[in-house]
Amino acid sequence: MLRNRAFQAVAAITVGLSATAGSMGTALAVDPPAATSSVVVDTDSRSLHLQGVLNARDAGGYRTTDGHSVRTGLVYRSGDLSKATDADLADLTGREVKVVDDLRTSFERAMSPDRVPAGAQENVDDIIGQAPPQVLASTLSAGSDLYRAFITAPGANDGFANVLRDIAYSDGSVLFHCTAGKDRTGWTAAVLLTILGVDRDTVMYDYLLSNYYRGASENDALNGVVASALDASFDQVDKSYGSFDNYVRDGLQLTDGDITALKSKLLA
């Protein structure tokens, strides 16, 4: 069943976003970022090693600032599933993926429809489809304007919040993705890990891992990610809401119960 929030997509812009998908042949061509002391799971163990899905990895395996650790095997992040092989889908089924959250626009989904593992519900949580055309037109570089739109675009807060609630309350594991698994997916992971209490340097490490898994250089914002882009999202959070906690409460409108459910499920 699709939870379809069919936001209006701008075709030319989503073509540009889809162009950042990369190819499996370029993956792992660069060194990973330097791990912080809070990293528990190494890059090889973190990868799902899927054949047709780029940047597929476990979102857990980090220590929090208060001494807990983020459980593995419950939350996964990736690029789109349109080229997932039968073996990939069987792997995800074996990992008990019960929810797939697709953060792409309607145009991206039409161009490259997901292949969803058996027994999983697919939810549509379009993040930027409602952004004004003039805002979308500035996002092709996958730079700071795009990342600020994650905070300010109409519908974005709802989309991110839906994913977080799915993670908190689903019976099984959740996989969330966009097209390349690095920008919309990267901010989702950053928000999740920050809520759970992972320090900012480690959140940045997780974000920059997209360069490693996609084989992108550190300054290639189109095929990979750059630290300044994620910094722009956190800066926009402060400008729009005053603090990250306010963003979670007033922007994403997550309740104390939602936060408790997330931590109870994911923290050991």
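Engineer: Please explain the sheet that holds strand β4 (residues 121–124) as it appears in this structure.
Structural biologist: In any sheet, the strands associate via hydrogen bonds between backbone groups, in a parallel or an antiparallel arrangement. Spatially, the 5 strands line up as an open sheet ordered β1-β2-β5-β3-β4, and their pairing is mixed. Edge positions in the open sheet fall to β1 (57–58) and β4, since each of these has one partner strand only. Here β1 runs beside strand β2 (residues 75–78); their pairing, made up of 2 bridges, is antiparallel. Residue Asp58 lies in a different strand from β2, and its bridge partner there is Tyr76.

Engineer: Can you walk me through the packing of helix α8 (residues 184–196) against helix α10 (residues 227–241) in this structure?
Structural biologist: Helix-helix packing: each pair is described by the crossing angle between the helix axes and the interaxial distance. Remark: α8 packs on α10, axes separated minimally by 11 Å, with the N-to-C direction vectors making an angle of 60 degrees. Classed by the angle they form, the pair α8 and α10 counts as oblique. With respect to the hand of their crossing, α8 and α10 are arranged in right-handed fashion. Between α8 and α10, the residues in contact are Trp187, Ala190 and Thr194 and Leu230, Ser233, Phe234 and Val237, respectively. Residue composition of the contact of α8 with α10, by class: 5 nonpolar, 2 polar and no charged.

Engineer: What is the right way to look at the pattern of salt bridges in this model?
Structural biologist: Opposite charge on two side chains allows them to pair when their charged atoms are near. Under the defined criterion, the tally for this structure stands at 12 salt bridges. Note that Asp86 and Arg115 form a salt bridge whose closest N and O atoms lie 2.8 Å from each other. Placement of the pair is Asp86 in helix α3 (residues 86–94) and Arg115 in the loop between α4 (106–111) and β4, with a sequence separation of 29 residues. Residue Asp86 is classed as exposed on the basis of its relative accessible area of 59%. Given the relative accessible area of 32%, Arg115 is considered partly exposed. For the salt bridge of Arg104 with Asp102, the shortest nitrogen-to-oxygen distance reads 2.8 Å. By the burial criterion, Arg104 is buried, and Asp102 matches it.

Engineer: What is the right way to read the side chain of Asp88 from this model?
Structural biologist: Here Asp88 is to be found in helix α3. One buried charged residue, Asp88, remains without a salt bridge, the closest side chain of opposite sign being Arg115 at 7.2 Å. Those residues in contact with Asp88, other than ones at most four positions away along the chain, are Leu50, Gln51, Gly52, Val53 and Lys83.

Engineer: Any chance you could explain the side chain of Asp206 here in plain terms?
Structural biologist: Along the chain, the position of Asp206 falls in helix α9 (residues 200–214). On the basis of relative accessible area, Asp206 is assigned to the buried category, the value being 2%. Engagement of the side chain of Asp206 in a polar contact is seen with the side chain of Tyr62, the distance being 2.7 Å. When sequence neighbours within four positions are dropped, the list of residues in contact with Asp206 reads Arg46, Arg57, Tyr62, Arg77, Ala189 and Leu193.

Engineer: What is the right way to look at helix α12 (residues 256–266) in this model?
Structural biologist: Residues spaced three or four apart along an α-helix face the same direction, because each turn holds 3.6 residues. Buried within α12 are the following residues: Asp258, Ile259, Ala261, Leu262, Lys265 and Leu266. One side of α12 carries all its buried residues, which in axial view fall inside an arc of 160 degrees. Opposite the packed face of α12, turned more than 90 degrees from it, sit the exposed residues Asp256 and Ser264. Packing partners of the buried residues in α12 comprise β2, α7 (156–169), α8 and α11 (244–251).

Engineer: Looking at this model, I keep getting lost on the confidence of the model for the protein chain. Mind explaining?
Structural biologist: Per-chain confidence: the protein chain averages 89 in pLDDT, with 86% of residues scoring 70 or above. Scored below 50 in pLDDT, residues 1–16 makes 42 contacts in the model with residues more than four places away or belonging to other chains. Here residues 18–26 is modelled with pLDDT under 50, and outside its nearest four sequence neighbours on either side it reaches 21 contacts, counting other chains as well.

Conventions and cut-offs
- Residues numbered from 1 in each chain as written.
- Predicted model: local features only at pLDDT ≥ 70, side-chain atom pairs only at ≥ 80, totals over all residues.
- Heavy atoms only, no water.
- Pairing = 2+ DSSP bridges.
- Helix = DSSP H or I, 4+ residues; strand = E, 2+ residues; numbered from the N terminus.
- Axes fitted to C-alpha atoms, helices over the stretch in contact; angles between N-to-C directions.
- Parallel < 35°, antiparallel > 145°, perpendicular 65-115°, else oblique.
- Left-handed = near helix turned anticlockwise from the far one by under 90°.
- Contact = heavy atoms within 4.5 Å.
- Nonpolar A, V, L, I, M, F, W, Y, C, P; charged D, E, K, R; others polar.
- Salt bridge = Lys/Arg side-chain N within 4 Å of Asp/Glu carboxyl O.
- Buried < 20%, exposed > 50% of the residue type's maximum accessible area, 1.4 Å probe, protein only.
- Lys, Arg positive; Asp, Glu negative; His and termini not counted.
- Polar contact = N/O pair within 3.5 Å; in protein donor to acceptor, adjacent residues only side chain to side chain.
- Arc of directions from axis to C-beta.
- pLDDT = per-residue confidence, 0-100.

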